[in-house]
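Here is what each chain is made of, one letter per residue.
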Amino acid sequence: MRHSARRPVFLTGFAPALIAMLIVLSITGYMRADIRYTTSFSQNTADAVAAVQRAVELEPYEPAYHRRKAEVLVQFLSENPSHGNRQNTLETIRRTVALSVALNPYDWRNYQSAADVLQHLYELYQEPSYLLEAISYSTLAIQHNPHNIDLYLARGSIFALAQRYDSALNDYLHFIEAAEDSWPVYLAAADTAVMAHDEDTAQRLLKTVIEECRDCLLYTSPSPRDRTRPRMPASA
């Protein structure tokens, strides 16, 4: 009597489960790619809001999606200033910002993104509390990445909006000292120095700007030899 070979029970149940898992992973990967593309390149803000909400639902513990959600919602408010649910949207933005920081409190990008979002909210609604929060988040970003000089420039602009000109000037000067090509920032720093009643610093910064501009003009202007070079006849 011939006996048929038995398959192990665990293989019989494992194979379909493995196939199902691979299918789910493939679909999930495709959805993630689609969401990343939509949230990054969508020209329609409403579509971007919907896409980033799907991203947050799919990966609720990914700080980057929460950062992007806050940025997209701010963009939505800027395009729809009379939006009926504005207060609810503002509360959602603040919760989203706090959550992105809480998910990874060691990533400076979460803090700087939060500062940028709150600065944009201040520019939309002129609410001073947004600036105070933005300064706090920007300071935390610097604490977690003190060698990134761009963070000082960003915080300086927030200080300037808050009319805290002494603090803004300190951040601008820190950026100028560390950056290789920072002369365009000299004008902003000089203007801030005037507002901070620091005339000596303002004059020093403006003098540097004038020297830089003069050097650029000397470098790009034609030499006397070029002016005296004979021209070709028109018929040639």
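Structure's up top.
In short, a report on the structure. (Residues numbered from 1 in each chain as written. Predicted model: local features only at pLDDT ≥ 70, side-chain atom pairs only at ≥ 80, totals over all residues. Heavy atoms only, no water.)

1. Points about the overall build of the chain
Put simply, the rule reads: Strands here mean DSSP runs of E at least two residues long; helices mean DSSP runs of H or I at least four residues long; both are numbered from the N terminus. Only protein chains enter the accessibility calculation, which uses a 1.4 Å probe; a residue whose area is less than 20% of its type maximum is buried, one above 50% is exposed, and one in between is partly exposed. Only heavy atoms enter the contact rule, under which two residues are in contact if any of them lie within 4.5 Å. Surface exposure here means Shrake-Rupley accessible area, sampled with a 1.4 Å probe, where a residue is shielded only by the protein chains that are shown.
Helix and strand counts for the chain stand at 11 helices and zero strands. From first element to last, N terminus to C terminus, the chain shows the α and β order α-α-α-α-α-α-α-α-α-α-α. Expressed as a percentage of the 236 residues in the chain, the buried residues total 33%. In the chain, 50% of the contacts between residues at least 6 apart in sequence involve partners at least 24 apart. Of the accessible surface of the chain, which amounts to about 15700 Å², a share of 55% is contributed by carbon and sulfur atoms.

2. Points about the nonpolar core
Convention followed: We define a nonpolar core as any set of buried Ala, Val, Leu, Ile, Met, Phe, Trp, Tyr and Cys residues linked to one another through side-chain atoms lying within 4.5 Å.
Formed by 41 residues in total, the largest nonpolar core has its most connected members in Ile93, Val97, Val117, Leu121, Tyr137 and Leu205. Within the residue set of this core, elements represented by two or more residues are α3 (63-79), α4 (86-103), α5 (108-125), α6 (128-144), α7 (149-161), α8 (165-178), α9 (183-195) and α10 (199-220).

3. Let's talk about the pattern of salt bridges
Defined as follows: Here, a salt bridge means any Lys or Arg side-chain nitrogen found within 4 Å of an Asp or Glu carboxyl oxygen.
The tally for this structure, following the rule as stated, stands at four salt bridges. Arg68 is paired through a salt bridge with Glu71; the nearest N and O atoms lie 3.7 Å apart. One end of the pair, Arg68, and the other, Glu71, are both in helix α3, three residues apart, so they sit about a helical turn from each other. Among the residues examined, Glu71 registers a relative accessible area of 35% and is labelled partly exposed. Of the charged contacts, one joins Glu133 and Arg94 as a salt bridge, the two residues approaching to 1.8 Å between their closest N and O atoms. Of this pair, Glu133 sits in helix α6 while Arg94 sits in helix α4, placing them 39 residues apart in sequence. Overall, Arg94 belongs to the partly exposed group, its relative accessible area being 33%.

4. Examining unusual backbone geometry
Where the residue is not glycine, phi is negative for most of them; where a peptide bond is considered, it is trans in most cases. Positive phi values are uncommon outside glycine, yet Gln163 reaches one of about 60°. For Gln163, a relative accessible area of 60% translates into the label exposed. Notably, His197 is not glycine yet its phi reads approximately 60°, a positive angle. Residue placement: His197 occurs in the loop between α9 and α10.

5. Focus on the packing of helix α2 (residues 45-58) against α3
Note the threshold: For every element, the axis is a line fit to its C-alpha atoms; helices are fit only across the contacting stretch, and the angle between N-to-C directions ranges from 0 to 180 degrees. Roughly parallel means an angle under 35 degrees; roughly antiparallel, over 145; roughly perpendicular, 65 to 115; everything else is oblique. In this scheme, a crossing is called left-handed if the near helix is turned counterclockwise away from the far one by less than a right angle; it is called right-handed if the turn is clockwise.
Following both chains from N to C, one finds α2 and α3 inclined at 155°, their axes separated by 9 Å at the closest point. Taken together, the axis directions place α2 and α3 in an arrangement best described as roughly antiparallel. Between α2 and α3 lies a crossing whose hand is left-handed. In this structure, α2 contributes Thr45, Ala48, Val49, Val52, Gln53, Ala55 and Val56 to the contact, and α3 contributes Tyr65, His66, Arg68, Lys69, Val72, Leu73, Gln75, Phe76 and Glu79.

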